[in-house]
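Spelled out, the chains give:
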Amino acid sequence: KEGLFDDAVKKQIPKFPWKVGVVTSPTGAAVRDILNVIRRRNPKVSVVLRPAKVQGEGSAKEIATGIQDLNSVKDVGVIIIGRGGGSLEDLWAFNEEEVARAIYASKIPIVSAVGHEIDFTISDFVADLRAPTPSAAAELTVPLLEKIQKEIRSLTEELIEIISSKIEKYW
């Protein structure tokens, strides 16, 4: 009824985020996967890790607080929240109302990357984008540096041609 799942309120994921916030366990495989993918795709992108418990008592509060904290960090373009797979109980923090409301209230777009492809949580439905895995979240949010450079070269060449033709026309 409150519209937390509505597509109409979903924020656009930026095309070129230069700073990515991550809310997850600092010791899990998920954070290593996210960091490896981001470094491989674009080493110029910086990552702000907001450590949080991602299962067990108090984890929902830590995840929600992590989202709120990253909303006050300058220039964060997108936030990835998540963890690797596990049982329904292991993933439960991402089903808590407190986390759903923090996602909804975030001014920064949120990508939910909880578990594996077959896992779904309430966070996935509230988030601006659902990624099937933490690695996929990094792939979906950080463009390849080579692709960006190629696009800039192409646009530069196009701009030079346009300017040259204008100069010739008026010369």
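Our structure is the block above this text.
What counts as what
- Residues numbered from 1 in each chain as written.
- Predicted model: local features only at pLDDT ≥ 70, side-chain atom pairs only at ≥ 80, totals over all residues.
- Heavy atoms only, no water.
- Phe/Tyr/Trp six-rings, centres within 6.5 Å; stacked < 30°, edge-to-face > 60°.
- Helix = DSSP H or I, 4+ residues; strand = E, 2+ residues; numbered from the N terminus.
- Buried < 20%, exposed > 50% of the residue type's maximum accessible area, 1.4 Å probe, protein only.
- Lys NZ or Arg CZ within 6 Å of the ring centre and 35° of its normal.
- Pairing = 2+ DSSP bridges.
- Axes fitted to C-alpha atoms, helices over the stretch in contact; angles between N-to-C directions.
- Parallel < 35°, antiparallel > 145°, perpendicular 65-115°, else oblique.
- Left-handed = near helix turned anticlockwise from the far one by under 90°.
- Contact = heavy atoms within 4.5 Å.
- Nonpolar A, V, L, I, M, F, W, Y, C, P; charged D, E, K, R; others polar.

Novice: Describe in detail the packing of aromatic side chains, supporting the description with residues and values.
Specialist: One pass over the full model with this rule turns up two aromatic pairs. Between Phe5 and Phe125, the aromatic rings sit 6.0 Å apart at their centres with planes inclined by 45°, giving tilted as the arrangement. Residue Phe5 is found in the segment before β1 (19-24), and its partner Phe125 is found in helix α5 (residues 122-126); the two are separated by 120 residues along the sequence. Accessibility expressed as a relative area gives 47% for Phe5, which makes it partly exposed. Plain terms: the ring middles of Phe120 and Phe125 are 6.0 Å apart, the flat faces sit at 20° to each other, and that makes the pair stacked. Relative accessible area serves as the criterion here: at 48%, Phe120 is assigned to the partly exposed category. Given the relative accessible area of 43%, Phe125 is considered partly exposed. What links up through ring pairs into an aromatic cluster is the set Phe5, Phe120 and Phe125. The side chain of Arg130 reaches across the aromatic face of Phe120, ending 3.9 Å from its centre.

Novice: Quick one: what's the story with the sheet that holds strand β4 (residues 110-114), residue by residue and with numbers?
Specialist: On the basis of which strands lie adjacent, the open sheet formed by five strands has the order β2-β1-β3-β4-β5 and parallel pairing. Only two strands of the sheet have a single partner each, and these edge strands are β2 (46-51) and β5 (129-130). Pairing between strand β3 (residues 78-83) and β4: five bridges, direction parallel. Counterpart to Ile80 in the pairing with β4 is Val111.

Novice: Outline the packing of helix α1 (residues 29-41) against helix α6 (residues 134-141), listing residues and values.
Specialist: Axis separation between α1 and α6 bottoms out at 8 Å; the angle between their running directions is 30°. On the basis of the axis angle, α1 is roughly parallel to α6. In terms of crossing hand, the pair formed by α1 and α6 is right-handed. When α1 is examined against α6, the residues Ala30, Asp33, Ile34, Val37, Ile38, Arg40 and Arg41 are found in contact with a partner set consisting of Pro134, Ser135, Ala138 and Glu139. Per-class residue counts for the contact of α1 with α6 are six nonpolar, one polar and four charged.

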